[in-house]
Amino acid sequence: MDKAGLRVTVWGENLHEQQDPAVRAIYPDGMHTTIAAGIRQHLGADASVVRTATFDQPQHGLSEAILAETDVLTWWGHKAHNRVDDGVVERIHERILLGMGLVVLHSGHESKIFRRLMGTTCVLRWREAGEREVVWTVSPGHPITRGLPEVFIIPEQEMYGEHFDIPQPDELVFISSFSGGEVFRSGCAFRRGRGRIFYFSPGHETHPVYHQPEVRLVIANAVRWVGTVSFQPSSRINGGHLFRPRIAEGHSHTNENNPPTTPTLIAAPVPNCSPSTPPSRIPSVPDAACATVRLA
Ligand code: ZN
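Figured I'd write up the structure that's included with this text. (Residues numbered from 1 in each chain as written. Predicted model: local features only at pLDDT ≥ 70, side-chain atom pairs only at ≥ 80, totals over all residues.)

## What about the pairing of strand 9 (residues 195–200)?
Most of strand 9 is tucked away, with 6 of its 6 residues classed as buried. Burial along strand 9 is two-sided: Gly195, Ile197 and Tyr199 facing one way and Arg196, Phe198 and Phe200 facing the other are all buried. Direction of pairing for strand 4 (residues 101–105) relative to strand 9: parallel, over a ladder of 4 bridges. Paired with leucine 102 across the two strands is isoleucine 197, which belongs to strand 9. The pairing of strand 8 (residues 183–192) with strand 9 spans 6 bridges and is antiparallel. (Buried ≥ 20, exposed ≤ 12 C-beta atoms within 10 Å, placed from the backbone. Helix = DSSP H or I, 4+ residues; strand = E, 2+ residues; numbered from the N terminus. Pairing = 2+ DSSP bridges.)

Spelled out as structure tokens, the structure:
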């Protein structure tokens, strides 16, 4: 994280809000604006910039200059997944591998960028019936759960259920259950390259999910967590290379007394590139987690 604070770009497709009065009634300024407000509320001075970008803007509001000034990108999309420009997706992907954090929300599970990062279809089971969702913490002590109750309820949500076609997450933080009986891995953390990725499923557009305090705290915690990897400047931007691998001298000649050796790659980091933060494996904290939980 930059000492001056995280630079966050909240991306919203912003089409349901324009086309559906029921959605506009819940999010008159767009879901992205509500999500951004929640991040500002919780990060305060820890975020130097929380800007928004939308599908209709040139380059979807995600020009190379904007992404170069983004430490964490959040993504909510649904009906325009296939119309998102491939060049923009490529740019985002490259940036994530170099250390930008990504928080993917709800129907963003089928976005081009998430499917590319996962390498699977990312399809899931779903039902729009305004059902109660219960979000269970399964990694107590994980930074994304900070300040949250062990379990909280979203009164009305679209059901998302298993099987969710993703690789096994590096860390599973939340599991949700629904009044219909389904369960879903609703909070999943991944690493790709230097970048951290968090998927959080609550957030159907016809329910006021992003106004709910617990959901806003999850997203803010996730932004902070995925943003803790030091960013490495892109070789495409600075014209250099992150590492200049070369084969160590003295190991190229082989014979019976000098068997083949594996060439040694010596990394020569570019000045001003700080090493990335090692992956965090935060152990679960044994505490009152076994206490009886009562659902309202
Ligand atoms: Zn939905």
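Picking up after the structure, the text goes on.
## A short note on the nonpolar core
The tendency in soluble globular proteins is for nonpolar side chains to be buried side by side. Counting 62 residues, the largest nonpolar core has Ile39, Val103, Phe198, Ile219, Ala222 and Val223 as its most contacted members. Ranked by the residues each element gives to this core, the list is headed by helix 7 (residues 213–226), at 8 residues. (Core = buried A, V, L, I, M, F, W, Y, C linked by C-beta atoms within 7 Å.)

## Looking at helix 3 (residues 31–43)
The first and last C-alpha atoms of helix 3 sit 18 Å apart over 13 residues, in line with the 18 Å expected at 1.5 Å per residue. Listed as buried for helix 3 are Met31, His32, Ile35, Ala36, Gly38, Ile39 and Leu43. What you see down the axis of helix 3 is that its buried residues fit within an arc of 155 degrees, all on one side. Those residues of helix 3 that are buried are in contact with strand 1 (6–12), helix 1 (16–19), strand 2 (47–54), strand 3 (72–76) and helix 7. (Expected span 1.5 Å × (residues − 1). Arc of directions from axis to C-beta. Contact = placed C-beta atoms within 7 Å.)

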